[in-house]
Amino acid sequence: MEPPSPILTQAPLDAAALADLRREVADPAAGAVLVFEGTVRDHSDGIEDVIALEYEAQASMAAKIIAAIVAETRAEIPVRKIAVRHRLGRVELGEATIVIAVSAGHRDEAYRASRAIIDRIKHEAPIWKREILRNGTSAWSRGCVAHQEKSQNEK
Amino acid sequence: MPVIQVNYYAQLREALKTGSEEVSLDLPARERDILERLAQLHPRQKALFLSSRVAVDEGYVGANAMLDGLCRVDIISPISGG
């Protein structure tokens, strides 16, 4: 049996995890390494006092889609290496929810690839977040209707 | 009429108070047919069903795909990852 995909993780994306990702994309031909972190902010769409987010996913499908997004991005943009981690479970204010590390020969490719990956994950990966407020209430984020930009993953 | 397993996540799982149910469904069917059938069964969640996507074997089905021989589908309500 294959080990579970490391793309989705319950473990904090802390300094040690970021260092691991930085090492994962290290490449002697890279002139640029870009590490993007999405983090929990204290408000969302007019909602104040957000203290945490709680993520859940159709995990096997989400991991498969993110892996396909990474592969398709590599095919389109000449980068060296890409590593992605997305949190599941509760993520506290200020903590990272997603990290995308990209190494490339030049900064332009690294920025373009990182942007393309985060945009597609937000629109395609079956992951949901619940916003937890300071007053003890919580609600699922409104989100967007899932769609895939590429046809190869469509049935 | 075939019976298929329907899996729910996040807001739909909570609203329906179940992560899975068996539903009889006329096949072949398109994505919209499946969502409308589920909305008919759970009218209070109609708006959520009609803004959801259907996934089979870990991939979204196309809007125009004719689906047959199904035994399990995942209902992907509006997503909010990242």
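Above: the structure in question.
In this text the structure is predicted, and so the values were computed from the model without any measurement.

1. Describing the sheet that holds strand β2 (residues 20-24) of chain B
All names here are of chain B.
Consideration 1: Read across the open sheet, the five strands follow the order β2-β1-β5-β3-β4; overall the sheet is mixed. Taken across any chain shown, the strands that pair with only one partner, and hence form the sheet edges, are β2 and β4 (59-60).
Consideration 2: The pairing of strand β3 (residues 53-56) with strand β5 (residues 72-76) spans three bridges and is classified as antiparallel. Considered in β5, the bridge of A55 is made with D74.

2. Considering the sheet that holds strand β8 (residues 138-140) of chain A
All names here are of chain A.
Consideration 1: The four strands are arranged β5-β3-β7-β8 in an open sheet whose pairing can be described as antiparallel. Where the open sheet ends on each side, the last strands, each with one partner, are β5 (89-92) and β8. Each strand of the sheet is rotated relative to its neighbour by a mean of 25 degrees, with strand direction disregarded.
Consideration 2: Strand direction decides the pairing type here: strand β7 (residues 127-133) and β8, joined by three bridges, are antiparallel. Bridging from a neighbouring strand, R130 pairs with W140 of β8.

3. As for the interface of chain A and chain B
Consideration 1: Residue-level contacts link 28 residues of chain A with 20 residues of chain B.
Consideration 2: Every element with two or more residues in the side of chain A that touches chain B is listed here: α2 (59-76), β6 (96-104), α3 (107-124) and β7 of chain A.
Consideration 3: Its residues assigned to classes, the side of chain A that touches chain B shows 12 nonpolar, nine polar and seven charged.

4. Concerning unusual backbone geometry
Consideration 1: Here the residue pair L27 of chain B and P28 of chain B is connected by a cis peptide bond, since its omega of 0 degrees sits within 30 degrees of zero.
Consideration 2: As for its placement among the helices and strands, P28 of chain B is situated in the loop between β2 and α2 (31-41).
Consideration 3: Positive phi, close to 45 degrees, is recorded for D45 of chain A, a residue that is not glycine.
Consideration 4: Within the fold, D45 of chain A resides in the loop between β2 (32-39) and β3 (50-57).
Consideration 5: Of note in the backbone geometry, E58 of chain B takes a positive phi value of approximately 65 degrees without being a glycine.
Consideration 6: Looking at the element boundaries, E58 of chain B is found in the loop between β3 and β4.

Cut-offs used in this document
Residues numbered from 1 in each chain as written. Chains lettered and ligands numbered in written order. Predicted model: local features only at pLDDT ≥ 70, side-chain atom pairs only at ≥ 80, totals over all residues. Pairing = 2+ DSSP bridges. Helix = DSSP H or I, 4+ residues; strand = E, 2+ residues; numbered from the N terminus. Axes fitted to C-alpha atoms, helices over the stretch in contact; angles between N-to-C directions. Contact = placed C-beta atoms within 7 Å. Nonpolar A, V, L, I, M, F, W, Y, C, P; charged D, E, K, R; others polar.

These values are about where atoms sit, not about what they do.
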